[in-house]
Amino acid sequence: MSKKVFLDPGHGGHDSGAVGNGLKEKDIVLKIATYARDFLSTNYDGVSIRMSRNSDTFVSLSKRTTDANNWGANVYISIHVNAASSPSATGYEDYIWNGNVSQSTKDLQNSIHREMAKVFKSFRNRGKKRANFHVLRESRMSAVLTESLFITNQNDAAFLKKDSNLKKIAEHLAIGIAKYFNLSKKSPSTQPSNSNSVPSGGTYTVKSGDTLTKIAKKHGTTVDELVRLNNISNPNLIRVNQILRLPGGPVYHIVKRGDTVSKLASQYGSTQNQIKNWNKLKDINLIRVGEKLRVK
Ligand SMILES: [Zn+2]
C-alpha cells in the first residue's frame, strides 16, 4: 500500500493569505506544494499525493480536511508562510495540534522540523509549536503545519522571492515526509511502464490542455479508474503524449447469495464507490440476490 500524502497549500483565490514586500502567501505556498509534490513523486516509490488545490482557487478549510479524511490520507501537510505586524519578526516554525496527538504526529513534526532547519540555517528557528488550527484539529491523520519565514520581513521576503529557494524548501519538506515514512528512493532505471499488452478499452494519448477529469468524462470512466489502470501516482501530473490505458466496456454481474459490494469490487478490480455510482445504489449493504449490477 502506498503512503498517501495530502499537501495543503494554504489560502487561494480571494483569500491571499499574508501579503507583504510585493508577495502573496497564496502564490508562494502553491509553488512550494507543487514542487514538493513533484519531488516526492519523481524520487520516491510507494507514495501517492493529493493537493487541497493545484491552482489559484479558494477552498474552504472544512473542504480541505474533508477531502483528506475521505481520501484516507496518511499525513496532512499544511503549507503556509508567516506574517506579523512587526517587520522584525523572522524565521521558521511548525505546528501540530494542541489537543491529544499520537506519537506519530510528533514523529512527523520532528522529521519535518529537522529537514526544514537545514534550509533555514541562517534564519531564526522559532521551534516546534502547537496550536488549535482547524486543519490540525479536524484532520484524522498526523498533521503538521509549516510556517516558512515571514512575508512581512524584508530579509525573509527576499529569500521567498527566489524560486530556487522555494524549491529548496519544497525538497526538504518532501525529504522530511519521505524519512518519516521511510520511503525507498526510486531506482534510476524505473521507467513508466510501457506495457505492450493491448487493453480491451484501448489507449488514449494525452494532448495539451487535457486533464484526467476531462479524459475520464470523454471516455465514460472516472479519474480513480484511470489512476488505478495507469499506476498514476499523482492525478494532477499527466504529460502531453503520455499514453493512458482506458478501461474496457461495462461488465455486469448477477448478485449471488453471499456477494457483497466489497467482494465484487475486489473481484472485478473496481471500487465500492464506482459500483455504488454505476448502479445508483443508495446503500451498498442493500443488494439483492438476482439483481444485475454493473461491476466494471
Ligand atoms: Zn497562512
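These lines cover the structure that appears in this document, whether it is placed above or below. (Residues numbered from 1 in each chain as written. Predicted model: local features only at pLDDT ≥ 70, side-chain atom pairs only at ≥ 80, totals over all residues. Heavy atoms only, no water.)

Quick word on the coordination of the zinc ion
Between any two of four tetrahedral donors, the ideal angle at the metal is 109.5 degrees; between two of six octahedral donors, it is 90 or 180 degrees. In the first shell of the zinc ion, the protein supplies His11 (NE2), Glu25 (OE) and His80 (ND1), at 2.1 Å from the metal. We note that the donor set of the zinc ion lies within a single chain, spaced as H-x13-E-x54-H. Of this pair, His11 sits in the loop between β1 (3-9) and β2 (19-20) while His80 sits in strand β5 (residues 75-82), and the two are 69 residues apart along the sequence. The exposure class of His11 is buried, given its relative accessible area of 18%. (Donors = N, O, S within 2.8 Å, 3.2 Å for Na, K, Ca; no water. Helix = DSSP H or I, 4+ residues; strand = E, 2+ residues; numbered from the N terminus. Buried < 20%, exposed > 50% of the residue type's maximum accessible area, 1.4 Å probe, protein only.)

A word on the pattern of salt bridges
Applying the stated criterion to the full structure yields 12 salt bridges. Of the charged contacts, one joins Arg37 and Asp38 as a salt bridge, the two residues approaching to 3.1 Å between their closest N and O atoms. Between Asp224 and Arg50 there is a salt bridge, with its nearest N and O atoms 3.7 Å apart. Residue Asp224 is found in helix α8 (residues 223-229), and its partner Arg50 is found in strand β4 (residues 47-51); the two are separated by 174 residues along the sequence. Overlapping salt bridges bring together Glu93, Arg126 and Lys129 as one network. (Salt bridge = Lys/Arg side-chain N within 4 Å of Asp/Glu carboxyl O.)

Focus on unusual backbone geometry
One non-glycine residue, Asn231, adopts positive backbone phi at about 50°. Looking at the element boundaries, Asn231 is found in the loop between α8 and β10 (243-245). For Lys280, which is not glycine, the phi torsion reads 50° and is therefore positive. Relative to the helices and strands, Lys280 resides in the loop between α10 (272-278) and β12 (292-294).

So, the environment of Tyr180
Within the secondary structure, Tyr180 is located in helix α6 (residues 163-181). Its relative accessible area of 22% is what places Tyr180 among the partly exposed residues. Each C-alpha atom of the pair Tyr180 and Ile112 lies 8.0 Å from the other, and the pair is 68 residues apart in sequence. In contact with Tyr180, other than residues within four places in its own chain, are Val75, Ser104, Asp107, Leu108, Ser111 and Ser142. (Contact = heavy atoms within 4.5 Å.)

Digging into the packing of aromatic side chains
All told, the structure shown has 8 aromatic pairs when counted by the stated rule. Measuring from centroid to centroid gives 4.9 Å for Tyr180 and Phe181, while their planes differ by 65°, and the two rings are edge-to-face. A relative accessible area of 14% places Phe181 in the buried class. Following the ring pairs from residue to residue traces out a cluster consisting of Tyr92, Phe120, Phe123 and Phe159. Here the basic side chain of Arg294 rests over the ring of Trp278, its NZ or CZ set 4.2 Å away from the ring centre. (Phe/Tyr/Trp six-rings, centres within 6.5 Å; stacked < 30°, edge-to-face > 60°. Lys NZ or Arg CZ within 6 Å of the ring centre and 35° of its normal.)

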